[in-house]
Amino acid sequence: MANDLNRDVVLGLPKILLHEHLDCSLRPSTMLQFFAEDDWNVPANFPLPARTYYLEGELEKAAAEYQNFLAREASKSLANYVNAIVLHVLPLMQHKDRLARITRERVEDAVADGVVALELRFAPQLHIRAGLTLEQVMDAVAAGMRDSAIPVKLIICALRHEGEAMAERLADLAIKYKQHVGLFDLAGDEKANPGVLLWWAKQAAKVREHGIEPELHLWETDEPTDDDLVRLAEFGIRRLGHGMRGRRQEARILEVCPSSNCVTGQIRNFSEHPIDSLYREGKRVTVNTDGTLFTRSDLSNEYLLLNRYFNWGKAEFLAVNLTALEVSSFSNEEKSELLAKLKDGYC
Ligand SMILES: [Zn+2]
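Conventions and cut-offs
- Residues numbered from 1 in each chain as written.
- Predicted model: local features only at pLDDT ≥ 70, side-chain atom pairs only at ≥ 80, totals over all residues.
- Helix = DSSP H or I, 4+ residues; strand = E, 2+ residues; numbered from the N terminus.
- Expected span 1.5 Å × (residues − 1).
- Buried ≥ 20, exposed ≤ 12 C-beta atoms within 10 Å, placed from the backbone.
- Arc of directions from axis to C-beta.
- Contact = placed C-beta atoms within 7 Å.
- Pairing = 2+ DSSP bridges.
- Axes fitted to C-alpha atoms, helices over the stretch in contact; angles between N-to-C directions.
- Core = buried A, V, L, I, M, F, W, Y, C linked by C-beta atoms within 7 Å.
- Domains from an automatic or database assignment.
- Right-handed = clockwise from strand over helix to strand, strands pointing away.
- Parallel < 35°, antiparallel > 145°, perpendicular 65-115°, else oblique.
- Nonpolar A, V, L, I, M, F, W, Y, C, P; charged D, E, K, R; others polar.

**Q** It is not clear to me how helix 8 (residues 164-176) should be interpreted in this structure. Could you clarify?
**A** Because an α-helix completes one turn every 3.6 residues, residues spaced three or four positions apart along the sequence face the same direction. Spanning 13 residues, helix 8 covers 18 Å between terminal C-alpha atoms, matching the ideal 18 Å at 1.5 Å per step. Turning to helix 8, its buried residues are Ala-167, Leu-170, Ala-171, Leu-173 and Ala-174. The arc enclosing the buried residues of helix 8, seen along the axis, measures out at 160°, which places them on a common side. Residues of helix 8 that are buried sit in contact with helix 7 (134-144), strand 3 (152-159), strand 4 (181-187) and helix 9 (198-209).

**Q** Teacher, can you tell me more about the sheet that holds strand 6 (residues 216-218) here?
**A** Sheet strands line up and pair through hydrogen bonds in the backbone, either parallel or antiparallel. Judged by pairing direction, the sheet is parallel, and its four strands sit side by side in the order 6-7-8-9 without closing on themselves. The strands lining the two open edges of the sheet, one partner per strand, are strand 6 and strand 9 (284-287). Put simply, the sheet's adjacent strands are angled 35° from each other on average, direction ignored. Two strands pair when backbone bridges link them, and strand 6 and strand 7 (residues 239-242) are joined in this way by three bridges, in the parallel orientation.

**Q** Please clarify how the nonpolar core should be interpreted in this entry.
**A** For soluble globular proteins, the rule of thumb is that nonpolar side chains tend to be buried together. Of all hydrophobic cores here, the largest spans 93 residues; its most connected members are Ile-156 and Ala-174. For this core, the element with the highest residue contribution is strand 3, accounting for seven residues. Split by domain, this core shows at least three residues from each of two domains, domain 1 (7-26 + 102-346) and domain 2 (27-92). If near-sequence neighbours (up to four positions away) are discounted, Ile-156 is found in contact with Pro-124, Leu-170, Leu-173, Ala-174, Val-181, Phe-184 and Asp-185.

**Q** Help me understand the pairing of strand 7, please; the structure alone is not making it clear to me.
**A** The side chains of a regular strand alternate, first on one face of the sheet and then on the other. After leaving strand 6, the chain enters helix 10 (residues 226-234) and then returns to the sheet as strand 7, a path that is right-handed. In this structure, strand 7 lies alongside strand 8 (residues 253-256), joined through three bridges in parallel fashion. Its bridge partner lying in strand 8, Leu-240 is registered against Leu-254.

**Q** So what exactly am I meant to see when it comes to the domain arrangement of the protein here?
**A** Put simply, an interface is often sized by how much accessible area is lost when its parts join up. As assigned here, the protein comprises domain 1 (7-26 + 102-346) and domain 2 (27-92). Taking only C-alpha atoms into account, the centre of domain 1 sits 25 Å from that of domain 2. Only helix 6 (96-112) and helix 13 (292-295) provide two or more residues apiece to the side of domain 1 that touches domain 2.

**Q** Please explain unusual backbone geometry as it appears in this structure.
**A** In terms of backbone geometry, most residues other than glycine have negative phi values and most peptide bonds are trans. Residue Trp-40 is not a glycine yet carries a positive backbone phi of 55°. With respect to the helices and strands, Trp-40 occurs in the loop between helix 2 (28-37) and helix 3 (48-55). By C-beta crowding, Trp-40 is classed as partly exposed, having 13 other C-beta atoms within 10 Å.

**Q** Looking at this model, I keep getting lost on helix 4 (residues 59-74). Mind explaining?
**A** Over its 16 residues, helix 4 extends 22 Å from the first C-alpha to the last, a length consistent with the 22 Å expected when each residue adds 1.5 Å. Of the positions making up helix 4, those classed as buried are Ala-62, Ala-63, Glu-65, Tyr-66, Gln-67, Leu-70 and Ala-74. Just beyond helix 4, the residue with positive phi is Lys-76, at close to 85°.

**Q** Can you walk me through the sheet that holds strand 4 in this structure?
**A** Spatially, 1-2-3-4-5 is the arrangement adopted by the five strands of the open sheet, whose pairing is parallel. Each end of this open sheet is capped by a strand with a single partner; those strands are strand 1 (15-21) and strand 5 (213-214). Direction of pairing for strand 3 relative to strand 4: parallel, over a ladder of six bridges. Paired with Leu-154 across the bridge in strand 4 is Val-181.

**Q** What is the right way to look at the environment of Phe-34 in this model?
**A** As for its placement among the helices and strands, Phe-34 is situated in helix 2. In this structure the C-alpha to C-alpha distance between Phe-34 and Leu-92, which are 58 residues apart in sequence, comes to 6.8 Å. For Phe-34, the contacting residues outside a window of four places in its chain are Leu-92 and Arg-98.

**Q** What should I look at first to understand the packing of helix 2 against helix 4 in this one?
**A** The axes of two packed helices give the description: the angle between them and the distance between them. With their axes 8 Å apart at the nearest point, helix 2 and helix 4 run at an angle of 100° to one another. In terms of their interaxial angle, helix 2 and helix 4 are classed as roughly perpendicular. Between helix 2, through Pro-28, Ser-29, Met-31 and Leu-32, and helix 4, the contact on the second element is made entirely by Leu-59, Ala-62, Ala-63, Tyr-66 and Gln-67. Tallied by class, the residues present in the contact of helix 2 with helix 4 amount to seven nonpolar, two polar and no charged.

As structure tokens, then:
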């Protein structure tokens, strides 16, 4: 198997993507266009060559220059990664038309990557600085996924530093938009506000009553604790964003994002990532991208890297996709269609 996989083959394999952030996966070319529309009102550390190339009509070169800069800025720590989002990305995501376009392009890029079903997460409260309401943000993102060629569900992210009042508003928002919303997440700095936060869990219990599953980012930068295990069991949380640290995952679903862990400095390089050993131990692993803008990867590339470093082939890829399918938030009808696609693609 190792030698007959190439990018074209992997692009053609049907893949389910559970963990990707809307604000970490914009097209760099679109970002440059937005900066141009805003008269180059850019962050102080913006790389000037990207602007020069853009103004000279060298759009591909400009996009590559800018993306390479962003990947460098975001690397080495989760704090750098978050800082790059705050400085460079969020200012461009404050208007309805832009949110709709960014969403539409993200779905198109997923389709081109061979993704057959997508769960796309974001924090609506990060897009209200120019006056949009949370509902207007949701409507704009929903408009961007309206004619998508694949099933798409949204995941609403509460943030660890924000606290209960905002989490409550987001939980109500998720319930109001449950037609589009698959899950309710907790994201943000795990080091500063670690563990399964009780104020979030309270809201998570509320959304669950409305058929929306809670999940959270956990064990990306921190090791598992006894408290984590007690609370995960207490609140019945089965999906973990990342969840790759430690050996206490049990039967929980791990949304592993290998290249992202390398970019944020959690893992030194891909060959040292625990994904393969977790999988071989029988842990319930899925493969994800987290943020294609900063990793300069896509899901096909993650599969190619798994093939190169751990000799993963169709059997492993099918297994992780069946796990993803099982725990995804798509309807039963969509799931049976997706199962047929997976069988077609891998068997
Ligand atoms: Zn994430």
